Every structure is written in structure tokens, then in C-alpha cells.
Amino acid sequence: MKKLDIFIFIDALGWDIIKGRDFLEELLPYRKSVKMQFGYSSTAIPTILTGEPPTVHKHLSFYYYAPDKSPFKFFNSFLFKLLPSAFFDRGRVRHILSKIIARFYGFTGYFEMYAMPFDKLHYFDYIEKTDIFVCNGLQPTPNIADELEKRDIPYHISNWRLSEKENFESLSRDIVKGKIQFAFLYTAAMDGLLHKETKEGPSIGRKLDWYKKNIEELVKEVKNHYDDFSLHIISDHGMTTNIKTLDLMSVIEKLPFEFGKDYVAVYDSTMARFWFFNDNAKEQIILSLREFSDSHILDDDEKKKYGIDFSDNMYGETILLMDPGVQIEPCHMGKKALPAMHGYAPEHKDSYA
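Cut-offs and rules
Residues numbered from 1 in each chain as written. Predicted model: local features only at pLDDT ≥ 70, side-chain atom pairs only at ≥ 80, totals over all residues. Heavy atoms only, no water. Axes fitted to C-alpha atoms, helices over the stretch in contact; angles between N-to-C directions. Helix = DSSP H or I, 4+ residues; strand = E, 2+ residues; numbered from the N terminus. Parallel < 35°, antiparallel > 145°, perpendicular 65-115°, else oblique. Contact = heavy atoms within 4.5 Å. Nonpolar A, V, L, I, M, F, W, Y, C, P; charged D, E, K, R; others polar. Salt bridge = Lys/Arg side-chain N within 4 Å of Asp/Glu carboxyl O. Buried < 20%, exposed > 50% of the residue type's maximum accessible area, 1.4 Å probe, protein only. Pairing = 2+ DSSP bridges. 1 Å grid on protein atoms, 1.4 Å probe; cavity = no way out; pocket = protein on both sides within 12 Å on 5 of 7 lines; lining within 4 Å. Points joined across faces, edges and corners; volume = space filled by probe spheres on them. Patch = residues over 30% accessible without salt bridge, like charges linked within 9 Å, V, L, I, M, F, W, Y side chains within 5 Å. Areas by Shrake-Rupley, 256 points an atom, 1.4 Å probe, with all protein chains shown as cover. Phe/Tyr/Trp six-rings, centres within 6.5 Å; stacked < 30°, edge-to-face > 60°. Lys, Arg positive; Asp, Glu negative; His and termini not counted. Charge placed at Lys NZ, Arg CZ, Asp CG, Glu CD. Polar contact = N/O pair within 3.5 Å; in protein donor to acceptor, adjacent residues only side chain to side chain.

A. Molecular detail of the packing of helix α8 (residues 164–177) against helix α10 (residues 204–225). One can describe the packing of α8 onto α10 by two numbers: an axis separation of 9 Å at closest approach and a directional angle of 10 degrees. Between α8 and α10, the crossing angle belongs to the class labelled roughly parallel. Between α8 and α10, the residues in contact are E164, K165, F168, L171, S172, I175 and V176 and K207, W210, Y211, N214, I215, L218, E221, V222 and H225, respectively. Tallied by class, the residues present in the contact of α8 with α10 amount to nine nonpolar, three polar and four charged.

B. Layout of the pattern of salt bridges. Taken as a whole, this structure holds 20 salt bridges when the rule is applied. Across the pair K3 and D5 runs a salt bridge, and its minimum N-O distance is 3.7 Å. By relative accessible area, K3 is classed as partly exposed at 36%.

C. Structural detail: the sheet that holds strand β4 (residues 155–157). Reading across from one edge, β4-β5-β1-β6 is the order of the four strands in this open sheet, with parallel pairing throughout. Each having just a single partner strand, β4 and β6 (228–234) make up the two edges of the open sheet. Within this sheet the neighbouring strands show an average axis-to-axis angle of 15 degrees, counted without direction. Looking at chain direction, strand β1 (residues 3–10) and β6 are connected through seven bridges and run parallel. Following the sheet pairing, F7 is matched in β6 by H232. Packed onto the sheet, α8 meets β1, β4 and β5 (182–187) and runs at close to 170 degrees relative to β5. Strand contacts of α10: β1, β5 and β6, with the helix running at about 160 degrees to β6, the strand carrying the most contacts.

D. Just helix α2 (residues 41–50), in detail. In terms of burial, α2 is largely enclosed, as nine of its ten residues are buried. Turning to α2, its buried residues are S41, S42, T43, A44, I45, P46, T47, L49 and T50. Buried-residue contacts for α2 involve β1, α3 (54–57), α7 (144–150) and β5. Backbone geometry just after α2 places G51 at a positive phi near 75 degrees.

E. The arrangement of the layout of surface pockets in detail. In this structure, the second largest pocket occupies an estimated 620 Å³ of space. In this structure, the second largest pocket is lined by 23 residues; those nearest its centre are K32, V34, I233, I234 and S235. At the level of elements, α1 (15–18), α2 and β6 are the ones that each hand at least two residues to the lining of the second largest pocket. With four residues, the single largest contributor to the lining of the second largest pocket is β6.

F. Summary view of a nonpolar patch on the surface. A cluster of nonpolar side chains, contributed by F74, F104 and Y105, occupies part of the molecular surface with about 330 Å² of accessible area. Within the secondary structure layout, F74 lies in the loop between β2 (63–65) and α4 (78–81).

G. Examining the packing of aromatic side chains more closely. This structure, assessed with the given rule, holds 29 aromatic pairs. A ring pair is formed by F133 and F184, whose centres lie 6.2 Å apart and whose planes are at 50 degrees; its orientation type is tilted. With F133 in the loop between β3 (124–126) and α7 and F184 in strand β5, this pair connects stretches of sequence that are 51 residues apart. As far as burial versus exposure is concerned, F133 and F184 are alike and both buried. Each ring, one from F274 and one from F276, has its centre 6.1 Å from the other, and the planes form 0 degrees; the classification is stacked. Both residues of the pair, F274 and F276, belong to the buried class.

H. Just a negative patch on the surface, in detail. On the surface, D22, E25, E26 and D209 cluster together into a negatively charged patch. Its location among the elements puts D209 in helix α10. The class for D209 is partly exposed, based on a relative accessible area of 47%.

I. View of the side chain of R273. For R273, the position within the fold is in strand β10 (residues 271–276). There is a polar contact of 2.9 Å between the side chain of R273 and the backbone oxygen of Y63. In contact with R273, other than residues within four places in its own chain, are S61, Y63, V264, A265, V266, D268, Y315, G316, T318 and I319.

J. Broad picture of the sheet that holds β10. Pairing in this open sheet of four strands is antiparallel, and the strands run β9-β10-β12-β11 from one edge to the other. Edge strands, defined here as strands with exactly one partner in the open sheet, are β9 (263–267) and β11 (295–297). Averaged over all neighbouring strand pairs, the angle between strand axes comes to 15 degrees, with direction disregarded. As paired elements, β9 and β10 share five bridges and run antiparallel to each other. Across the sheet, Y267 pairs through a bridge with A272, a residue of β10. Packing against the sheet, helix α12 (residues 279–289) makes contact with β9, β10, β11 and β12 (318–322), and its axis sits at approximately 165 degrees to β10.

Read these as spatial facts, not as claims about activity.
Below, the structure is given as C-alpha cells:
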């Protein structure tokens, strides 16, 4: 008997977004909320693909302090400092430059410099250098492709670089061939839509209708070529509407400490991560962080609970997490806050996948 197991990943399809909507109830009558993995998609997807926490697969945010092996050392050169920052800080220019750097180093994973300042890049390494969806993509931790290969199970895993339409079509072609036994369909457009419109946006319902139509057509194709199948829709996190911004960076930079000498920091959109090089800087910066009422410093118990208690403090000695709905602006992910963001406490209702 030919059977196909299908897993459809819809990025940012949060429980609070889906629970009150008419979406594939007849085809998928069983549904439940799932507590997200702390972090962003850069954390959650490796956890989904490996079944392991960040302390094992080593992915949390994109940047981590590692000046000795940084691929960005040339940004600290005298020649590059002469280039006009106003031009190179433009999003489109950075995107093109990111593609050039990825090609130069042979990065096959998702690589984007975002708004990380050029004069600070040489302090950091970037975690997602390889395609995490393919065999050995998260080595030495086995991912789903490694397990399927080991078990000699014919499979289809989407190419994350392609559009959603292309990924549906690619899977459909493999279904018609009737040889695969496992399918992982990757879709990412919902995440961008929710960032732009929030979960109350007018296009969310239309996008869900688009998914519904394409999934139903996919199921029809499966029934034509397989005796049996299972279908699962999964996600990684929800989305929280922005209610406030916090200019954390300027407050820290006004303190009498030098970046790179006394401390380094990465300012993600919902958390700030710090490494310290002397006790005075550590004490004073932490005191300053504790003054922000719309955030809190993760304690050791929280880090352990979230699977981010790295023994070497890979992603920061001190991590400041924003309250749900609060974004750091500007941050190293972007100069301006987005209408909605994820990456808050997993226990918040908007975070559930």
C-alpha cells in the first residue's frame, strides 16, 4: 500500500490567528496550540528540523560574538571605512551586498546582514552559513533530511529559496510521480504579511483562503496517486502587534564604555544580548538595563527552560527580553520597528504556534 505523510509548514501561523477562522476544518478537524521555541524562526525551524533545543543545534539568533573566526573582518579595514555609510546603509544595497558576501564565502543558508553596523560586524560570526534543510545542514546534529536518508525513505523537502507557488508546484510534481513517502512543504509568505499588516490585517483571511485552495488541490492529487496519506499543518510562532518602541541602543551607548573594549552587544528586535570584558562595565550596564520597565533580564532558570542555557554564553552573557508588543528601535535587524513582531516570551498568548 502506498502512503504519503505530508507536513506543511506555514511560517507565523499563530494559534491566536487561526483559532477563530474557518480554515480546513473538514480536512483537519484536530488542532491545538503549541508553545513556541524561544527565539525567532532562526531558532524554531532548526528545533523543528532536529527535535533538539538550541543548546544542541546551536542556532538562536543570527549573530554571536566570535571575532577570531568572523567572516566580516574586512569591514574593519581603512578602505571600507572611507565608503559613504549613507549609501551602504540602505536596505536594498545591504541586500545586494549580502548576496555578494554569501557567494564569495559559499554560504548556502539564509544570509542577510540586516542593519548590523559595518564597523561592528568584525566582532561577530553568523550562524546560518549552510542550508539547514538539506543533509548535513545542521551538522553535527542530524536533521530530518539526515534521518530520512539514513532510513532510506524517499522524500520531498521544499527549497526555501523558491516562492510558495513554486513549492506547491514542485511537491505536486513529485506526488504525481508517486515515489515519495514523506513530504515537508515550506511556506514563508504569511510571516511577512503579518509583520506588515498585523494579525488583524485585511489580507490575512485572503492568504488563508489561498493556502486552503492550494492544499485542497494538493490533497486531490495525493488521492489520485496514493492509497493512503496523513496531513499535518505546523508552524513556529505567532505574531504580536507593536504597541511601543524603546531606543535602548542610544541609552547604552551614552554610558562611559567602549564597544569592543568594555563590552559588545547585539540588538535584536525583541531582545538585546551582551558580552562583558570587565566587571565595571558589566555592573553598570546591567544596572541601566534593569531601569527599563518594559523588559526583563532572563535568569538562569528561564534560559534552561527555553533551552538556551549555553555553557559558553554563545549568544550573550546577559539577555534582555522585551515585554510583548515592545520593540527595540533602532536595532540591528532594522532601523524602524515593524507593525508586528514575534520573538517574545513563549508563554504569551500571541506567541503560541
